[in-house]
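# Working through the structure, step by step
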Amino acid sequence: MLTWHTLGPLRVSSDGRDVTPTAPKVRQVLAVLLARRNSVVPLSVLTAELWPGQPPRSAIPTVQTYAYQLRKALHGGEDPGPGEGGPLATRAHGYLLRVGPGECDAEEFTLLTEQARAALADGDPAGAVVLLDRARPLWEGPPFADVVHGTALHGYTLRLEELHLQAEELRITAGFRLGRHRELVAGLKELACAHPLHEWFQGTLIIALERCGRRSEALAVYQRLRAQLRDELGLDPSPGLQRLRQHVLTDAVSTADLDLLPG
């Protein structure tokens with residue numbers, strides 16, 4: 001069984017044995033095929049990814065050579081041929097990489113996050129936390145962190161990074177509904193530091209700090225955000241965050257204040 005690790009450095013294992021190709025261009029081809037797994041990827045997409053701008057005249061035969069090298073790597077150095085015998089199949093104008101259920105970490109991460117979203121919508125925050133705790137270790141970093149990104153991979157990475165942020169938001173929301181404000185503070189500080197202009201993370205940190213009796217810290221978070229927004233974007237915090245500040249000042253913060261935050 002092949003296992004495809006895409007969240008972080010690219011890794012491929014076959015029954016526990018590492019079969020990850022080492023050549024940079026071959027790895028780039030594999031990354032594009034994984035990003036569009038179980039779909040035919042046209043040669044034109046691969047050439048555009050490998051050579052942005054004007055591909056060389058030898059682009060198509062070169063990609064075919066990379067596909068041959070990839071096919072061999074996935075089979076322990078032996079070439080099974082371009083037919084139906086392995087995960088990489090040749091089609092009329094491109095290639096198809098077959099990836100089965102449970103074999104790709106990105107697919108598993110997406111599934112668990114969607115299930116957690118459904119659990120939270122159904123009023124089961126504890127169940128959502130369990131699902132998100134299973135998803136979290138799968139995220140070892142940005143997708144294909146050690147592969148050169150062209151247009152296709154860049155777009156794929158942005159989509160998954162947005163999903164990762166949504167998973168963090170779901171985890172925080174579930175934690176608030178379970179009354180785990182104190183447990184959330186450390187993680188929220190890390191997220192707020194990594195995303196200094198992300199008003200939802202800053203706002204939830206303010207709520208968690210105030211609910212833990214740390215009002216001065218909560219107000220300091222707001223003041224820091226306001227200063228950064230003004231300095232970098234010439235903007236004020238959203239009306240919802242401004243109302244949240246008033247609630248902190250009047251000791252009226254509640255979990256319902258999550259609804260004030262943008263996002």
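Residues numbered from 1 in each chain as written. Predicted model: local features only at pLDDT ≥ 70, side-chain atom pairs only at ≥ 80, totals over all residues. Heavy atoms only, no water.

What follows deals with the sheet that holds strand E3 (residues 17-18). Reading across the sheet, the three strands line up as E1-E2-E3 and stay open at both edges, with antiparallel pairing between neighbours. Of all the strands in the sheet, the pair left with one neighbour each is strand E1 (2-5) and E3. Two elements, E1 and strand E2 (residues 11-14), share four bridges in a ladder whose sense is antiparallel. Residue pairing for E2: Trp 4 is matched across the bridge by Val 12. (Pairing = 2+ DSSP bridges. Helix = DSSP H or I, 4+ residues; strand = E, 2+ residues; numbered from the N terminus.)

Before going further, it helps to spend a moment on the environment of Leu 258. Position of Leu 258 among the secondary structure elements: in the segment after helix H10 (239-249). A relative accessible area of 12% places Leu 258 in the buried class. The spacing of Leu 258 and Thr 204 is 54 residues in sequence and 7.0 Å in space, taken between C-alpha atoms. If we ignore the near neighbours within four places in the chain, the residues touching Leu 258 are Thr 173, Phe 176, Trp 200, Thr 204 and Ile 207. (Buried < 20%, exposed > 50% of the residue type's maximum accessible area, 1.4 Å probe, protein only. Contact = heavy atoms within 4.5 Å.)

Before going further, it helps to examine helix H1 (residues 24-35). Taking 1.5 Å of rise per residue, the twelve residues of H1 would be expected to cover 16 Å, and the 16 Å separating its terminal C-alpha atoms lies within 8% of that figure. Counting buried positions along H1 yields ten of twelve residues, so the element is predominantly enclosed. Of the residues making up H1, those classed as buried are Val 26, Arg 27, Gln 28, Val 29, Leu 30, Ala 31, Val 32, Leu 33, Leu 34 and Ala 35. (Expected span 1.5 Å × (residues − 1).)

We now examine the environment of Val 26. Following the sequence through the fold, Val 26 ends up in helix H1. Expressed as a C-alpha distance, the spacing of Val 26 and Arg 180, which sit 154 residues apart in the sequence, is 46 Å. Discounting residues that sit within four places of it in the chain, Val 26 has contacts with Pro 21, Tyr 66, Gln 69 and Leu 70.

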